[in-house]
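# Structural overview
The residues making up each chain are set out below.
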Amino acid sequence: GDSVTQMEGPVTLSEEAFLTINCTYTATGYPSLFWYVQYPGEGLQLLLKATKADDKGSNKGFEATYRKETTSFHLEKGSVQVSDSAVYFCALRKAGNMLTFGGGTRLMVKP
Amino acid sequence: GAVVSQHPSRVICKSGTSVKIECRSLDFQATTMFWYRQFPKKSLMLMATSNEGSKATYEQGVEKDKFLINHASLTLSTLTVTSAHPEDSSFYICSASRPMGTGVQGTEAFFGQGTRLTVV
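In this report, we go over the structure that sits alongside the text. (Residues numbered from 1 in each chain as written. Chains lettered and ligands numbered in written order. Predicted model: local features only at pLDDT ≥ 70, side-chain atom pairs only at ≥ 80, totals over all residues. Heavy atoms only, no water.)

Residues and elements named next belong to chain B. Within the element layout of this structure, Ser-89 appears in the loop between β8 (76-81) and β9 (90-99). For the pair Ser-89 and Val-120, spaced 31 residues apart in sequence, the C-alpha to C-alpha distance is 8.6 Å. With sequence-adjacent residues up to four places away left out, Ser-89 is seen in contact with Arg-37, Leu-117, Thr-118 and Val-119. Separated by 2.9 Å, the side chain of Ser-89 and the backbone oxygen of Pro-86 make a polar contact. Only 2.8 Å separates the side chain of Ser-89 from the backbone nitrogen of Val-119, close enough to count as a polar contact. (Helix = DSSP H or I, 4+ residues; strand = E, 2+ residues; numbered from the N terminus. Contact = heavy atoms within 4.5 Å. Polar contact = N/O pair within 3.5 Å; in protein donor to acceptor, adjacent residues only side chain to side chain.)

The structure is reproduced here in structure tokens:
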């Protein structure tokens, strides 16, 4: 079946450091790919998405490129802030609207 | 943007009692809603797909009689944890998909705020 694998956390960075959270997927067909963010005590919020190969999703300084050849959708940000501290989930979706999530990566940004 | 409201955000109940969690789509109609459970430091696991006007579809390993799902209208789905036990303590999140265009690529999932259930 479909699956999403992302790097385990926690990832601890200093403010203004470069962030990469790796995400790879296994799926048949052509899924859409997503990154969701969960701030402490809150539900998930869509951060960015890409619906086809080579698409780049971007939002709030975060970027991820849909790489079909490597089945990856790595999340990057050039300069993280303390307010970016959260749990980040990579996910894929195919027909039926059901999302398959990765295990989540906790990011902690220190001042 | 579209909003999905989940209530309550936190609930503490005694072992053996039942708890109902509501999930509402506030500004769109959702024929399908999803219920997820998040274990500590782990990912979200899909529990069931709630279909308006019909029975929910449960994932393997999820007890239908324990986690009752009712999707009585296009804007409301409820999850009732029956005879709750401490092992049911978890973070439950609902989501609803809103059409944003055509086909599956044209929908976006919106999530409720989640419900922290603690069974004592």
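Looking now at the state of the cysteines. On inspection of all chains with the given rule, the structure shows 2 disulfides over all chains. Each sulfur in the disulfide pair Cys-23 of chain A and Cys-90 of chain A lies 1.9 Å from the other. Taking the torsion about the S-S bond as the criterion, the Cys-23 of chain A to Cys-90 of chain A disulfide, at about -70 degrees, is left-handed. Note that Cys-23 of chain A is positioned in strand β4 (residues 23-26) and Cys-90 of chain A in strand β10 (residues 86-93), a separation of 67 residues in sequence. Cys-90 of chain A matches Cys-23 of chain A in its accessibility class, with the two residues each being buried. The disulfide partner of Cys-23 of chain B is Cys-94 of chain B, and the S-S distance across this bridge is 2.0 Å. (Disulfide = S-S within 2.5 Å. Buried < 20%, exposed > 50% of the residue type's maximum accessible area, 1.4 Å probe, protein only.)

Attention shifts here to the pairing of strand β1 (residues 4-7) of chain B. Residue and element names in this part refer to chain B. Of the two faces of β1, only one is covered, namely that formed by Val-4 and Gln-6; the face formed by Ser-5 and His-7 stays uncovered. Summarising the sheet, β1 and strand β3 (residues 19-25) pair through 4 bridges and their orientation is antiparallel. Bridge pairing in β3 places His-7 opposite Glu-22. (Pairing = 2+ DSSP bridges.)

Turning our attention to the packing of aromatic side chains. Applying the stated criterion to the full structure yields 11 aromatic pairs over all chains. A ring pair is formed by Tyr-36 of chain A and Phe-111 of chain B, whose centres lie 5.1 Å apart and whose planes are at 75 degrees; its orientation type is edge-to-face. Here Tyr-36 of chain A, found in strand β5 (residues 32-38), pairs with Phe-111 of chain B, found in strand β10 (residues 107-111), and the two come from separate chains. The same class applies to Tyr-36 of chain A and to Phe-111 of chain B, which are both buried. Here the aromatic cluster, defined as three or more aromatic residues joined through ring pairs, consists of Phe-34, Tyr-36, Phe-89 and Phe-101 of chain A together with Tyr-36 and Phe-111 of chain B. (Phe/Tyr/Trp six-rings, centres within 6.5 Å; stacked < 30°, edge-to-face > 60°.)

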